[in-house]
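This is what each chain is made of:
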Amino acid sequence: MSSPVLLCALRGIDAFRALGAALRGWTQGRDRLSTGDSLPQALMALTPEVTFRQAILFFTEADFVTGKAHFYCLYYPREHTKLTQICFSSLVGESWRCRAESLFSYLQAGAQVLCTVLLIKPGVWSRGLPRILRRLHLEKFSVVGMKHLELEAATASALLSPEVQQDPAAAEAHCTYLTSGTALVLCLQRPNAVKKLMDLLGPEDPQLAQALDPCLWRAQYGTSTVQNGFYGSKSYPVAVRDVKLFFPEGLCCAQCQPGQEEEV
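From a predicted model like this one, the values you see are computed outputs, not experimental measurements.

Visitor: What is the right way to read the overall build of the protein chain from this model?
Guide: Across its full length, the protein chain carries eleven helices and six strands. In the protein chain, 67% of the contacts between residues at least 6 apart in sequence involve partners at least 24 apart. When the accessible surface of the protein chain is split by element, carbon and sulfur atoms take 56% of a total near 16,300 Å².

Visitor: Mind showing me how you'd approach the confidence of the model for the protein chain here?
Guide: The predicted coordinates of low-pLDDT regions are not to be read in fine detail. Scored by pLDDT, the protein chain has a mean of 77; 70% of the residues are at 70 or more. Across the protein chain, element-level confidence peaks in strand 6 (residues 230-232) with a mean pLDDT of 96 and bottoms out in strand 2 (residues 82-91) with 35. In this model residues 67-100 is a low-confidence stretch, pLDDT under 50, and it forms 66 contacts with partners more than four residues away in sequence or in other chains. Note on residues 260-264: pLDDT is under 50 here. Beyond four places in sequence and across chains, it has nine contacts.

Visitor: Looking at this structure, how should I read the side chain of Asn228?
Guide: Secondary-structure assignment places Asn228 in the loop between helix 10 (217-221) and strand 6. On the basis of relative accessibility, which here comes to 2%, the residue Asn228 falls in the buried class. A distance of 2.7 Å separates polar atoms of two side chains, one belonging to Asn228 and the other to Lys121. Ignoring sequence-local partners within four residues, the contact set of Asn228 consists of Lys121, Glu204, Pro206, Arg218 and Gly222.

Visitor: Is there a simple way to think about the environment of Ser180 in this case?
Guide: If you trace the backbone, Ser180 turns up in the loop between helix 7 (168-178) and strand 5 (183-191). Counting along the chain gives 58 residues from Ser180 to Pro122, while the straight-line C-alpha distance between them is 6.9 Å. Among the polar contacts listed, one links the side chain of Ser180 to the backbone oxygen of Tyr177, at a separation of 2.6 Å.

Visitor: It is not clear to me how a nonpolar patch on the surface should be interpreted in this structure. Could you clarify?
Guide: Where nonpolar side chains cluster on the molecular surface, the patch consists of Ile56, Leu57 and Phe58 and spans about 320 Å² of accessible area. Relative to the assigned elements, Phe58 resides in helix 2 (residues 48-58).

Visitor: In this structure, what is going on with the sheet that holds strand 3 (residues 113-120)? I would like to understand it.
Guide: The strand order across the open sheet formed by four strands is 4-5-3-6, and the pairing between neighbours is antiparallel. Since the sheet does not close on itself, it has two edges, and those belong to strand 4 (142-149) and strand 6, each with one partner. Strand after strand, the sheet turns through a mean of 20 degrees between neighbouring axes, direction not considered. One ladder, built from eight bridges, connects strand 3 with strand 5; its direction is antiparallel. Bridging across to strand 5, Leu118 finds its partner in Leu186. Running at roughly 65 degrees to strand 3, helix 11 (residues 236-246) makes contact with strand 3, strand 4, strand 5 and strand 6 of the sheet.

Visitor: How should I be thinking about the environment of Tyr177 in this particular structure?
Guide: Among the structural elements, Tyr177 can be located in helix 7. Separated by 50 residues in the primary sequence, Tyr177 and Gln227 have C-alpha atoms spaced 7.3 Å apart. Dropping the residues within four chain positions of it, Tyr177 is found in contact with Lys121, Pro122, Val124, Val226 and Gln227. For Tyr177, the side chain forms a polar contact with the main-chain oxygen of Pro122, separated by 2.8 Å.

Visitor: Looking at this model, I keep getting lost on unusual backbone geometry. Mind explaining?
Guide: Most of the time, phi is negative for any residue but glycine, and the peptide bond is trans. Positive phi outside glycine occurs at Lys140, with the angle close to 70 degrees. Along the chain, the position of Lys140 falls in the loop between helix 4 (125-138) and strand 4. Even without being glycine, Asn192 reaches a positive phi, approximately 55 degrees. Mapped onto the secondary structure, Asn192 falls in the loop between strand 5 and helix 8 (193-201). The exposure class of Asn192 is partly exposed, given its relative accessible area of 39%.

Visitor: Would you take a moment to explain the pairing of strand 3 for this structure?
Guide: In summary, the side chains of a regular strand alternate between the two faces of the sheet. When you tally the buried positions in strand 3, you get six out of eight residues, the bulk of the element. Bridge analysis of strand 3 against strand 6 gives three bridges, and the strand direction is antiparallel. By the bridge assignment for strand 6, Leu119 is matched with Tyr231.

Visitor: Could you clarify how one ought to interpret the nonpolar core in this entry?
Guide: Side chains of nonpolar character tend, in soluble globular proteins, to be buried together. Membership of the largest hydrophobic core comes to 21 residues, with the highest contact counts inside it found for Leu119, Leu151, Val185, Cys187, Phe246 and Leu251. Those elements giving two or more residues to this core turn out to be strand 3, strand 4, helix 7, strand 5 and helix 11. Membership of the second largest hydrophobic core comes to 20 residues, among which are Leu118, Val124, Leu200 and Phe230.

Visitor: Is there a simple way to explain helix 8 in this structure?
Guide: Because each turn of an α-helix spans 3.6 residues, side chains separated by three or four positions end up pointing in the same direction. For helix 8, the full list of buried residues reads Ala193, Val194, Leu197, Leu200 and Leu201. Across the axial projection of helix 8, the buried residues extend over an arc of 125 degrees, all falling on one side. On its buried face, helix 8 sits against strand 3, helix 4, strand 5, helix 10, strand 6 and helix 11. Two residues or fewer after helix 8 comes Gly202, characterised by a positive phi angle close to 85 degrees.

Conventions we followed
Residues numbered from 1 in each chain as written. Predicted model: local features only at pLDDT ≥ 70, side-chain atom pairs only at ≥ 80, totals over all residues. Heavy atoms only, no water. Helix = DSSP H or I, 4+ residues; strand = E, 2+ residues; numbered from the N terminus. Contact = heavy atoms within 4.5 Å. Areas by Shrake-Rupley, 256 points an atom, 1.4 Å probe, with all protein chains shown as cover. pLDDT = per-residue confidence, 0-100. Buried < 20%, exposed > 50% of the residue type's maximum accessible area, 1.4 Å probe, protein only. Polar contact = N/O pair within 3.5 Å; in protein donor to acceptor, adjacent residues only side chain to side chain. Patch = residues over 30% accessible without salt bridge, like charges linked within 9 Å, V, L, I, M, F, W, Y side chains within 5 Å. Salt bridge = Lys/Arg side-chain N within 4 Å of Asp/Glu carboxyl O. Pairing = 2+ DSSP bridges. Axes fitted to C-alpha atoms, helices over the stretch in contact; angles between N-to-C directions. Core = buried A, V, L, I, M, F, W, Y, C linked by side-chain atoms within 4.5 Å. Arc of directions from axis to C-beta.

What follows is the structure in structure tokens.
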């Protein structure tokens, strides 16, 4: 090859969709700037199977830095005869800690079974529980923890987003509603559990959820951004926190326990 090539190995949640959207935006901006061939072209693997086949062509497991580090790898031709590798790592924390983790094994194994937390807010679970449990079953969720409780103010406040916490009036409204009656907390398990639950719930604003899809749970059960029917863990680190918050005594089996090394 006569020109340098940048080869990146990227890892993230919903990586194919997110990277595809980013590349589409970048391509559109590039096309507005130039119609020639002077700007770089970008290609990406479209499936886990293709990703695995391409990764083993260019990388070895020793090339990857895993654990709590964000990484990328840059390859470029040197004297047009061989590839020289430069690896950069953005480390979190004061020390370098590289765990023995096989990314190739993850690619071969497919989606991991994860836990997430669903809180059915006061006034909703008592009238909609059979339908909700039926839908969870159809979506391949397993219930591995369940609690019927009255939330304390501190627990309710911990569930609020940073944006809501910065608005005293909104935070008070949310906490007042969350502590107004009994709630039902479920710990759910399935592959890609966190994202799948978020897809079922829809946006926090029930009117927006109704406009997107009337079948979304917040569209069906919610009446306002405060009384929107449900709370769900928005990310895996938040899910780990929520499981420890609501089920400190543990879940129904050892395989369901969040790993200590993944605690945020």
